[in-house]
Amino acid sequence: MDPITKQILKEEKRKSFIQELFVQAGEIEAQPKGKERDLQILRIGMIAELDAVNLYDRLAQLASSPQVTKLMKDVAQEEKVHAGEFETLMERIDPTYEEAEKEGEKEVDELL
Ligand SMILES: [Fe+2]
């Protein structure tokens, strides 16, 4: 096992990431339907998509064949699109997300 994976597993004392997201998703059921519930659903989906990007990027690095590497990189890119879909809908439901994004861009521009 490579050192990075070994380190990740060593630090992994909690439930798996996906298990934790399923727990969070289960807790949503207790909330009333509406904007806040949908935003929470989108945030959980976005976390899962960004985690999937990390996973497929890592698998691409580990793959032996160019075909598997290429497929993993392609799927990682698709996961970014899924994250973008969630982000877009979050911004439409709650404009404060887009405001925060613009503020973040401004702060990065000032810093870098
Ligand atoms: Fe996805």
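These numbers were taken from a predicted model, which means no experiment stands behind them.

> How do you make sense of the overall build of the protein when you look at a structure like this?
When you go through the protein residue by residue, the secondary structure sums to five helices and zero strands. Its helices and strands in sequence order give the protein the pattern α-α-α-α-α, from N to C terminus. Computed over its C-alpha atoms, the radius of gyration of the protein comes to 17 Å, more than 25% above the 13 Å expected for a compact globule of 112 residues. With the C-alpha coordinates of the protein rotated into their principal frame, the extents come out at 45 × 40 × 25 Å. Across the 112 residues in the protein, those meeting the buried criterion constitute 3%. Taking as baseline every contact in the protein between residues at least 6 positions apart, the subset at least 24 positions apart corresponds to 50%.

> Please clarify how the packing of helix 3 (residues 35–62) against helix 4 (residues 66–93) should be interpreted in this entry.
Axis angle and axis distance: for two packed helices, these are the angle between their axes and the distance between the axes, and together they describe the pair. Their axes nearest at 8 Å, the elements helix 3 and helix 4 cross at an angle of 165 degrees. In terms of axis orientation, helix 3 runs roughly antiparallel to helix 4. Helix 3 and helix 4 meet at a crossing whose hand is left-handed. Here the residues of the contact of helix 3 with helix 4 sort into 17 nonpolar, three polar and eight charged.

> Mind showing me how you'd approach the environment of Glu 85 here?
Relative to the helices and strands, Glu 85 resides in helix 4. For the pair formed by Glu 85 and Met 72, sequence separation is 13 residues and the distance between their alpha carbons is 20 Å.

> I would appreciate a short explanation of the packing of helix 2 (residues 17–28) against helix 3 in the present structure.
Where helix 2 contacts helix 3, the axes come no closer than 10 Å and their chain directions differ by 170 degrees. The orientation of helix 2 with respect to helix 3, classified from their angle, is roughly antiparallel. Across the interface between the two elements, Phe 17, Leu 21, Gln 24, Ala 25 and Ile 28 of helix 2 pack against Arg 37, Gln 40, Ile 41, Ile 44, Ile 47, Ala 48 and Asp 51 of helix 3. Residues that form the contact of helix 2 with helix 3 fall into these classes: eight nonpolar, two polar and two charged.

> Can you walk me through the confidence of the model for the protein in this structure?
Low-pLDDT stretches of the model should not have their predicted coordinates read in fine detail. Predicted confidence across the protein gives a mean pLDDT of 91, with 93% of residues reaching 70 or more. Considering each helix and strand of the protein separately, the mean pLDDT is smallest for helix 1 (residues 3–11), with a value of 72, and largest for helix 4, with 98.

> Would you take a moment to explain the environment of Gln 19 for this structure?
Residue position: Gln 19 is located in helix 2. Separated by 16 residues in the primary sequence, Gln 19 and Pro 3 place their C-alpha atoms 24 Å from one another.

Conventions used here
Position numbers for residues count from 1 along each chain, tracking the sequence in the order it is written. For this predicted model, a pLDDT threshold of at least 70 governs which residues receive local features, and a threshold of 80 or more governs which side-chain atom pairs are given and counted, while totals over whole chains, interfaces and linings are taken from all residues. We count a stretch as a helix when DSSP gives it H or I for four or more residues in a row; a strand needs E for two or more, and each element gets its number in order from the N terminus. Computation of the radius of gyration draws on C-alpha atoms, with the globule rule given as 2.2 Å multiplied by the number of residues to the power 0.38. Residues are called buried when their C-beta atom has 20 or more other C-beta atoms within 10 Å, exposed when it has 12 or fewer, and partly exposed otherwise; all C-beta atoms are positioned from the backbone. A residue pair is marked as a contact if its C-beta atoms, positioned from the backbone, fall within 7 Å. Convention adopted: a line fitted to C-alpha atoms gives each axis, helices being fitted over their contacting stretch, and angles between N-to-C directions are expressed from 0 to 180 degrees. Should an angle lie under 35 degrees it is considered roughly parallel, over 145 roughly antiparallel, and from 65 to 115 roughly perpendicular; all remaining angles are considered oblique. Crossing handedness: left-handed means the near helix sits turned counterclockwise from the far one by under a right angle, and right-handed means the same turn made clockwise. Classification convention: Asp, Glu, Lys, Arg as charged; Ala, Val, Leu, Ile, Met, Phe, Trp, Tyr, Cys, Pro as nonpolar; all other residues, Gly among them, as polar. A residue's pLDDT is the predictor's confidence in that residue, given on a scale from 0 to 100.

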